[in-house]
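Examining the three-dimensional arrangement
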Amino acid sequence: MNLPNILTLSRILMIPLMVVSFYWFGPDGKIGAAVLFALAAVTDWFDGYLARKLNQTTPLGAFLDPVADKLIVAVALVLLVENFASMWLTIPASIIVGREIVISALREWMAELGKRANIAVSYVGKVKTALQMASITILMASGDHQLLIEAGYVTLYLAAVLTIWSMLVYLRAAWPELRGKA
């Protein structure tokens, strides 16, 4: 167990705290949930940076990091879909969660073929993640502030567009394997 892995585990532990804050503490709780989510987003970047910088990458960290990311984003999107009860939020949230399922399955399958490196994280994926994290944080903290809600929706739709784009990049990289012609 090293510092990067502890940071990754802390993201997973923040999930129930985020949910409790979101529901139990009223408008201030939603801001608290947004702060927890933003803190998780920062630790996502920081744990990877530290693991590389301190040469502390581990198989546990390589497994837990994407799991922690997907869990906290999926739970946060579920909270927001329920809170806003809007088709306009449900559509990009469904795209984001659906893409994560498709890409996780694709990565697992490619790993079984020994070709996991063919679908490494791309720059588009990193920008998509940053936009997702920003939009979720904004929407959680928005309260009744219409300008923040609109900014959160716009950012979430940009993230959804990049989500589709990055999924197509990954599928294109894996296409020869998917067609059986590699």
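Above this text you will find the structure in question.
This write-up is about the structure you can find in this document.

**Remarks on the pattern of salt bridges**
Evaluated as defined, the whole model comprises seven salt bridges. Residue R11 pairs with D69 through a salt bridge whose shortest N-O separation is 2.7 Å. One end of the pair, R11, is in helix α1 (residues 3–24); the other, D69, is in helix α3 (residues 59–84), with 58 residues separating them in the sequence. Like R11, the residue D69 is buried in the burial classification.

**Points about the environment of V78**
In this structure, V78 sits in helix α3. Classification of V78 as exposed rests on a relative accessible area of 55%. In sequence terms V78 and V42 are 36 residues apart; their C-alpha atoms lie 21 Å from each other.

**As for the packing of aromatic side chains**
In total, this model carries five aromatic pairs according to the counting rule given. For the pair W45 and Y49, a centre-to-centre distance of 5.1 Å together with 10° between the ring planes defines the contact as stacked. Linking W45 with Y49, this pair stays in helix α2 (residues 26–53), spanning four residues, or about one helical turn. Classification of W45 by relative accessible area gives exposed; the value is 53%. A residue is classified by how much of its surface remains accessible, and Y49, at 32% relative accessible area, is partly exposed. Counting every residue linked through ring pairs, the aromatic cluster contains W45, F46 and Y49. Above the face of the F22 ring, K30 is positioned so that its terminal group lies 4.7 Å from the ring centre. Sitting over the ring of Y170, R107 keeps its end group 5.1 Å from the ring centre.

Rules of the game
- Residues numbered from 1 in each chain as written.
- Predicted model: local features only at pLDDT ≥ 70, side-chain atom pairs only at ≥ 80, totals over all residues.
- Heavy atoms only, no water.
- Salt bridge = Lys/Arg side-chain N within 4 Å of Asp/Glu carboxyl O.
- Helix = DSSP H or I, 4+ residues; strand = E, 2+ residues; numbered from the N terminus.
- Buried < 20%, exposed > 50% of the residue type's maximum accessible area, 1.4 Å probe, protein only.
- Phe/Tyr/Trp six-rings, centres within 6.5 Å; stacked < 30°, edge-to-face > 60°.
- Lys NZ or Arg CZ within 6 Å of the ring centre and 35° of its normal.

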